[in-house]
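Summary of the model geometry
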Amino acid sequence: MSPTIDYDAPTPPYQQIAAEIIRDIESGKLAVDRPIPSESILIQRWGVARDTARRAVRHLRELGFVYTVPQRGTYVRNRTGSETE
């Protein structure tokens, strides 16, 4: 079952997507230094525009949950201390 966006919620769609990814990170479903789903996968899974997927990833980066390696992807950040970037 695909996740859905609640467009009537006070939380913007990009934050809803980011919150779901954060839950996956905190539960261990997405491991440290492993990639998060690509923008294309987020678009397909959530049925959102590319800008919304990009904003979700940017929001995760700003919150410190992920880091991006140019031309490689976006990965889960080690939030407990050292990491390999």
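Let me sum up the structure you'll find in this document. (Residues numbered from 1 in each chain as written. Predicted model: local features only at pLDDT ≥ 70, side-chain atom pairs only at ≥ 80, totals over all residues. Heavy atoms only, no water.)

The next subject is the overall build of the protein. Regarding its fold elements, the protein presents three helices and two strands. Starting at the N terminus and walking to the C terminus, you meet the elements of the protein as α-α-α-β-β. Relative to its length of 85 residues, the protein is compact, with a C-alpha radius of gyration of 13 Å against a globular reference of 12 Å. Taking the principal axes of the C-alpha coordinates as reference, the protein spans close to 40 × 25 × 25 Å. Here the protein, with 85 residues, has 34% of them falling under the buried criterion. Sequence-distant contacts, at least 24 apart, represent 50% of the contacts inside the protein between residues at least 6 apart. Accessible surface, the protein as shown: approximately 5,600 Å² in total, 47% of it carbon and sulfur. (Helix = DSSP H or I, 4+ residues; strand = E, 2+ residues; numbered from the N terminus. Rg over C-alpha atoms; globule rule 2.2 N^0.38 Å. Buried < 20%, exposed > 50% of the residue type's maximum accessible area, 1.4 Å probe, protein only. Contact = heavy atoms within 4.5 Å. Areas by Shrake-Rupley, 256 points an atom, 1.4 Å probe, with all protein chains shown as cover.)

Moving on, we get to the packing of helix α1 (residues 13-27) against helix α3 (residues 50-63). What describes two packed helices is the angle between their axes and the distance between those same axes. Two elements in contact, α1 and α3, have axes whose closest approach is 8 Å; the angle formed by their N-to-C orientations is 55°. Viewed along their axes, α1 and α3 adopt a mutual orientation that is oblique. Here α1 runs over α3; the crossing is right-handed. Residue-level inspection shows Pro13, Tyr14, Gln15, Ile17, Ala18, Ile21 and Ile22 of α1 in contact with α3, the latter providing Thr52, Arg55, Ala56, His59, Leu60 and Leu63. (Axes fitted to C-alpha atoms, helices over the stretch in contact; angles between N-to-C directions. Parallel < 35°, antiparallel > 145°, perpendicular 65-115°, else oblique. Left-handed = near helix turned anticlockwise from the far one by under 90°.)

A few words on the packing of aromatic side chains. All told, the structure shown has one aromatic pair when counted by the stated rule. Ring geometry for Tyr67 against Tyr75: centres 5.8 Å apart, planes inclined by 25°, an arrangement best described as stacked. Exposure remark for Tyr67: the relative accessible area of 6% places this residue in the buried category. Lying across the ring of Phe65, Arg79 places its NZ or CZ 3.9 Å from the centre. (Phe/Tyr/Trp six-rings, centres within 6.5 Å; stacked < 30°, edge-to-face > 60°. Lys NZ or Arg CZ within 6 Å of the ring centre and 35° of its normal.)

Judged by nonpolar contacts, the single largest core of 19 residues is most densely connected at Ile17, Ile21, Ile25, Ile36, Leu42 and Leu60. At the level of secondary structure, the elements contributing two or more residues to this core comprise α1, α2 (39-46) and α3. Considering every element that reaches this core, the biggest residue donor is α1, with six residues. With sequence-adjacent residues up to four places away left out, Leu60 is seen in contact with Ala18, Ile21, Ile22, Ile36, Phe65 and Val66. (Core = buried A, V, L, I, M, F, W, Y, C linked by side-chain atoms within 4.5 Å.)

This brings us to unusual backbone geometry. The backbone phi angle of Asp33 is positive, close to 65°, even though this residue is not glycine. Relative to the elements of secondary structure, Asp33 occurs in the loop between α1 and α2.

A separate point is the environment of Pro13. With respect to the element layout, Pro13 can be found in helix α1. Judged by relative accessible area, Pro13 falls into the partly exposed class, the value being 24%. C-alpha separation for the pair Pro13 and Ile43, spaced 30 residues apart in sequence, amounts to 12 Å.

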